[in-house]
2 protein chains.
Amino acid sequence: MSLIIIGSLAFDTIETPLDRRERIVGGSGTYCALAASFFTQPGIVGVVGEDFPEETVDFLKERKIDIQGLEIQPGKTFHWEARYGDDPNQRTTVKTELNVFQDFKPQLPPSYRKSRIVFLANIDPDQQDEILSQVHKPGLIAMDTINLWINQKRDSLLKVLEKVDLYFANDEEIRLLTGEKNLIKAGKKVLERGPSLVAVKKGEHGALVMGKDLVFGVLAHPCEEVVDPTGAGDSFAGGFLGYLDNIKDLSNKKEIRRAAVFGSVLASFVIEDFGINRFKTLSLKEIKDRFDEFRKLVSF
Amino acid sequence: MSLIIIGSLAFDTIETPLDRRERIVGGSGTYCALAASFFTQPGIVGVVGEDFPEETVDFLKERKIDIQGLEIQPGKTFHWEARYGDDPNQRTTVKTELNVFQDFKPQLPPSYRKSRIVFLANIDPDQQDEILSQVHKPGLIAMDTINLWINQKRDSLLKVLEKVDLYFANDEEIRLLTGEKNLIKAGKKVLERGPSLVAVKKGEHGALVMGKDLVFGVLAHPCEEVVDPTGAGDSFAGGFLGYLDNIKDLSNKKEIRRAAVFGSVLASFVIEDFGINRFKTLSLKEIKDRFDEFRKLVSF
């Protein structure tokens, strides 16, 4: 195993303009690991309560996700409630109940410590830093975060940022972090702080990947009906890093571009249904077909 | 000559977060014709007052733009004042003084009536319709409009829309026109109303071109400093239609894609300086080089 993902497993209550779902399975780690599982066999690190459905754990195992790093603790699973506006990019967090996640002290199983790719999905930056002290020279460290930590734990976050190679952010987050409206400038500012790569997720407008001598734009799949935007960003990172886990040279620009397209492809699938449902029927063939569609979409 | 452009020639007063320019030359027709002039010799139809600078008219002629359709009338040139926010897509119109444009009755010179491509840039839809009654079977009719007309002259506008082949809009306009938030759905709704092609301009996020069996996404050039966003949309249309004017088969999808990229290239240049300044030094070589950069930007 060479990709590990540290993130949340959660119950999400989701309201869109058209529909509502109560306490369906979600979480940054869940989405990311499932997306990555189409390319590699990722390990997941996180915590759930005793109420977390066994069938979801079975589904993770079925998708060959390594769950040695998944702790089950007495108590309730993290619960998050959000509402989306007509524009799927507009999201309001209604409620956050951390529950067992509150005092989670991530401990990597020994077999995870020599992982090649480490992804710090959105969790408290102090927890992210703690994880980094437990890994042994990974080939690539990636991170994600949210506005909450940028606002509340800026110093901790900047400390982690210095140590990572790849920073995933959405446009709003990178603007908040850098104080730059212009995304190219914002990306460059992040590159000055440590990472050699930045991937800016822009929802329906796709994503922008920046690095030394690299600016790459990937579109979002033209989608007429976003059923549930939750997990799109995590699935983007999962597709990106899962694909990259098969590549020998992690600095190969051509492969980084392809990784970003696979990220966008996975994100485009997950939003077609609520929660992780779409991953239950998704096939590698569908993923590859859509990858080819992405090529047609931009070729001239 | 086979492309004619009916639009405004104006004085613009522009305020950006960093700078301000009083009464510099602008106008949808001016921007569009100049952008198109790198590919073809467009004709322009519009009206200016006696205060319009002779040197601008000389510059249009120098760029081989046919000005037979340009009327000079007693009175003042159309004056528009706008302010941009930190986000170049946020624009507030401060003042609109129509002046000689108020009662402009566009009359096409006889030599313009058999034009192959007719572009109705943003003017009153009744004036657009009047133009269409004066042309003889053009190969392609394109139009642009703004929220003002969508709100105030919806019926007139829909009547024109039925008669055109290509509708240029920005994301805000097409959403207002169709009542659809999702741009793919909005595009399809427009395609049901007459046009066989829709080009949705999305500012820093590029553009989307939709037609029968065609969805094409073009990025915006990654630009760190937007000096003045004015005229980007008009230059997009000018580059698009100017390029297309050299193409025999106006329904060739490959060429439509390339036309959209050239549109995006021209738009990316014009915003590098205030008003039409950038066009004064721009060369076809720079345009072709940036076209190649666009290819690198999306290739994977």
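Everything below is about the structure shown above.
Residues numbered from 1 in each chain as written. Chains lettered and ligands numbered in written order. Predicted model: local features only at pLDDT ≥ 70, side-chain atom pairs only at ≥ 80, totals over all residues. Heavy atoms only, no water.

*Asks:* Lay out the sheet that holds strand 6 (residues 79–84) of chain B with the relevant residues and their values.
*Replies:* Residue and element names in this part refer to chain B. Read from one edge of the open sheet, four strands run 3-2-6-7, paired in mixed fashion. At either end of the open sheet lies a strand with only one pairing partner, and these are strand 3 (20–26) and strand 7 (91–97). Averaged over all pairs of adjacent strands, the angle between their axes in this sheet comes to 20°, without regard to strand direction. Across five bridges, the pairing between strand 2 (residues 10–15) and strand 6 is parallel. (Pairing = 2+ DSSP bridges. Helix = DSSP H or I, 4+ residues; strand = E, 2+ residues; numbered from the N terminus. Axes fitted to C-alpha atoms, helices over the stretch in contact; angles between N-to-C directions.)

*Asks:* Break down the environment of Asp126(A) for me, citing the residues and quoting the values.
*Replies:* Residues and elements named next belong to chain A. Of note, Asp126 is situated in helix 3 (residues 125–132). Along the chain, Asp126 and Val160 lie 34 residues apart, while their C-alpha atoms are 8.2 Å from each other. Residues contacting Asp126, with those up to four places away along its chain left out, are Lys153 and Ser156. Polar contacts involving the side chain of Asp126 include one to the side chain of Lys153, which spans 2.7 Å. (Contact = heavy atoms within 4.5 Å. Polar contact = N/O pair within 3.5 Å; in protein donor to acceptor, adjacent residues only side chain to side chain.)

*Asks:* Could you give an account of the interface of chain B and chain A, naming the residues involved and the relevant values?
*Replies:* Contacts between chain B and chain A engage 32 residues on the former and 32 residues on the latter. For the chain B and chain A pair, buried surface summed over both sides reaches about 3,000 Å², with 57% attributable to carbon and sulfur atoms. In terms of surface lost to chain A, no three residues of chain B exceed His205(B), Glu224(B) and Phe300(B), which account for 28% of the buried area on that side. Taken together, the links from chain B to chain A amount to six salt bridges. Taking the shortest distance from any N to any O, the salt bridge between Arg175(A) and Glu204(B) comes out at 3.1 Å. At the junction of chain B with chain A, the criterion picks out 20 residue pairs in polar contact (both at pLDDT 80 or more). Those elements that provide at least two residues to the side of chain B that touches chain A are helix 7 (183–191), strand 13 (214–218), helix 9 (253–270) and helix 11 (284–298) of chain B. Considering every element that reaches the side of chain B that touches chain A, the biggest residue donor is helix 11 of chain B, with six residues. Grouping the amino acids of the side of chain B that touches chain A by side-chain chemistry returns 13 nonpolar, four polar and 15 charged. (Buried area = accessible area lost by both parts, 1.4 Å probe. Salt bridge = Lys/Arg side-chain N within 4 Å of Asp/Glu carboxyl O. Nonpolar A, V, L, I, M, F, W, Y, C, P; charged D, E, K, R; others polar.)

*Asks:* Please set out the sheet that holds strand 10 (residues 166–170) of chain B residue by residue, giving values where relevant.
*Replies:* All names here are of chain B. Across the sheet, which stays open at both edges, the nine strands sit in the order 5-4-1-8-9-10-11-12-13 with mixed pairing between neighbours. Only two strands of the sheet have a single neighbouring strand rather than two, namely strand 5 (66–73) and strand 13. Across the sheet, the axes of successive neighbouring strands diverge by a mean angle of 15°, strand direction being ignored. Here four bridges tie strand 1 (residues 3–6) to strand 8 (residues 117–120), and the two strands are oriented parallel to one another. Its bridge partner being in strand 8, Ile4 is matched across the sheet by Val118. Of the strands in this sheet, strand 8, strand 9 (140–143) and strand 10 are in contact with helix 5 (residues 154–163), which crosses strand 9 at around 150°. Across the sheet, helix 9 is in contact with strand 11 (197–201), strand 12 (207–211) and strand 13; its angle to strand 13 comes to roughly 25°.

Read these as layout, nothing more, since geometry by itself doesn't imply function.
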